[in-house]
Amino acid sequence: MNKTPYLEFRKQLESQRAQLLDEVRQKIAASGEELGMVNQSKITDDDGLADAAAEMEVAMVIRESQELQEIEAALARIGDGSYGSCADCGNDIGQARLRATPSARRCLPCQEKYEQSRARKSGA
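Residues numbered from 1 in each chain as written. Predicted model: local features only at pLDDT ≥ 70, side-chain atom pairs only at ≥ 80, totals over all residues. Heavy atoms only, no water.

## Quick look at the packing of aromatic side chains
Thought 1: In the structure shown here, the tally under the stated rule is three aromatic pairs.
Thought 2: Centre to centre, the rings of tyrosine 6 and phenylalanine 9 are 5.9 Å apart; their planes meet at 55°, and the pair counts as tilted. Grouping residues by exposure puts tyrosine 6 and phenylalanine 9 together as buried.
Thought 3: Arranged with centres 5.8 Å apart and planes meeting at 45°, the rings of phenylalanine 9 and tyrosine 83 form a pair that is tilted. Within this pair, whereas phenylalanine 9 is found in helix 1 (residues 7-43), its partner tyrosine 83 is found in the loop between helix 2 (47-80) and helix 3 (95-100), the two being separated by 74 residues in sequence.
Thought 4: By relative accessible area, phenylalanine 9 is classed as buried at 1%.
Thought 5: With relative accessibility at 1%, the residue tyrosine 83 sits in the buried group.
Thought 6: Linked through ring pairs, Tyr6, Phe9 and Tyr83 together constitute an aromatic cluster. (Phe/Tyr/Trp six-rings, centres within 6.5 Å; stacked < 30°, edge-to-face > 60°. Buried < 20%, exposed > 50% of the residue type's maximum accessible area, 1.4 Å probe, protein only. Helix = DSSP H or I, 4+ residues; strand = E, 2+ residues; numbered from the N terminus.)

Given below as structure tokens:
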């Protein structure tokens, strides 16, 4: 694969980054409202609902943080010229895969091996 900067993917990654950052900002702004909901749930004795909502929020923040890290890493790879090369085998990552997942670090066969090895380690 040509190692010149990937303008299409850079734009897509930057757009995804901006969208995620906007979502995080909105959640921070709404956090005061959520605190009000938690206080209201205490009035109605619905601690289970408040706990579930808090757990979902934490999980979403963790997911978004991981996604932002993947985007930043992909943009760094574009910058250093390693974007589009599989981190495991060094072969080119297909254009179709990059279009579907612009932050992809591995070609499809290596990604499948990686996921299978993680599943075995977790006992799934």
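So much for the structure itself; the text now carries on.
## A word on the environment of cysteine 107
Thought 1: Position of cysteine 107 relative to the elements: it lies in the loop between helix 3 and helix 4 (108-122).
Thought 2: Taking relative accessible area as the criterion, cysteine 107 reaches 9% and is therefore assigned buried.
Thought 3: Expressed as a C-alpha distance, the spacing of cysteine 107 and glycine 84, which sit 23 residues apart in the sequence, is 8.6 Å.
Thought 4: Setting aside residues up to four positions removed in sequence, cysteine 107 forms contacts with Cys86, Cys89, Asp92, Ile93 and Arg97. (Contact = heavy atoms within 4.5 Å.)

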